[in-house]
Amino acid sequence: MLIVCDFDGTATKLEPLTYLAAKFAPRTAAGWKRQLDGESSLREVFSNGFNELDVDVDTLVNTIVRDIPLRDGLRELLDEVRGRGDRFAIVSAGFRQFIEPMLAAGGAGDVELIASDLRMTEDGIELLFREQPVCDACGEHCKRADIAALRRGDEPVLVIGDGYSDRCGAQVADVVFACGDLREYLDASGVAYRDFGDFTDVTAFLRATR
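Just so we're clear, the structure is a prediction, and the values are computed from it rather than from any experiment.

About the cut-offs
Residues numbered from 1 in each chain as written. Predicted model: local features only at pLDDT ≥ 70, side-chain atom pairs only at ≥ 80, totals over all residues. Heavy atoms only, no water. Phe/Tyr/Trp six-rings, centres within 6.5 Å; stacked < 30°, edge-to-face > 60°. Buried < 20%, exposed > 50% of the residue type's maximum accessible area, 1.4 Å probe, protein only. Axes fitted to C-alpha atoms, helices over the stretch in contact; angles between N-to-C directions. Helix = DSSP H or I, 4+ residues; strand = E, 2+ residues; numbered from the N terminus. Parallel < 35°, antiparallel > 145°, perpendicular 65-115°, else oblique. Left-handed = near helix turned anticlockwise from the far one by under 90°. Contact = heavy atoms within 4.5 Å. Nonpolar A, V, L, I, M, F, W, Y, C, P; charged D, E, K, R; others polar. Salt bridge = Lys/Arg side-chain N within 4 Å of Asp/Glu carboxyl O.

Undergrad: Mind laying out the packing of aromatic side chains, listing which residues take part and the relevant values?
TA: Scanning the model with the defined rule gives four aromatic pairs in all. Ring centres of F196 and F199 lie 5.3 Å apart, and the angle between their planes is 70 degrees; on these two criteria the pair is classed as edge-to-face. The pair formed by F196 and F199 is uniform in burial state, with each residue classed as buried. Ring-pair connections join several aromatic residues into one group, and the members of that group are F95, F98 and F129.

Undergrad: Tell me about the packing of helix α5 (residues 74-84) against helix α10 (residues 199-208), and please be specific about residues and values.
TA: Between α5 and α10, whose axes approach to 8 Å, the crossing angle comes to 25 degrees. Considering the angle they form, α5 stands roughly parallel to α10. Handedness of the crossing formed by α5 with α10: left-handed. Residues L74, E76, L77, E80, V81 and R84 of α5 pack against F199, V202, T203, L206 and R207 of α10. A breakdown of the residues in the contact of α5 with α10 according to their chemical character gives six nonpolar, one polar and four charged.

Undergrad: Before we move on, can you summarise the pattern of salt bridges with the specific residues and values?
TA: Within the structure shown, the criterion is met by 16 salt bridges. Put simply, R84 and D86 hold a salt bridge, and the shortest N to O gap is 2.6 Å. A salt bridge links R151 to D174; the shortest N-O distance between them is 3.0 Å. Of the two residues, R151 sits in the loop between α7 (143-150) and β5 (157-161) while D174 sits in the loop between α8 (167-170) and β6 (175-178), which places them 23 residues apart along the sequence. Residue classification places R151 among the partly exposed positions, given a relative accessible area of 26%.

Nothing here speaks to function; it is geometry throughout.
Here you go:
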């Protein structure tokens, strides 16, 4: 089985990018959901938020590592996955420079990670979005293509997610664990899912399906 897990708001107890936006880019944070519900793409929303920032990357990283813990049970889930011979990957619409320090602080620095990058320049923070095709189904650079690239043959796929960036990928998964806004979207779309509180829920599911 391939397990594909979102990071922001799923692997973490709070959504790091939303937290940083509220703290350092409040104008963007106030209109974030409205922009996504309108005609703005996720990448456009991210770019607008970082354009408002006037702090360096180290300050942002230190803030989220200090303030935002990982959800409980990730290490135990990883041990279970590896013991079964399954695969686990974090696939994020966010940025490696934030995610890697948080994983390391939570004792999960060895996880396979697919994410975009960012870097400091003289003009501020530059976002280096990873190459992804525009999805025919949702019109975004979404995780459906990532799942297709990671999947081996007809391998079953379990997706864990919480929000906007997980919508399309959840619709091609065999099993979905959902929390946050993703649950509301899946309810409205008629897609079955299991409630996700923390990673112990997924570990229990895997043990029950051995």
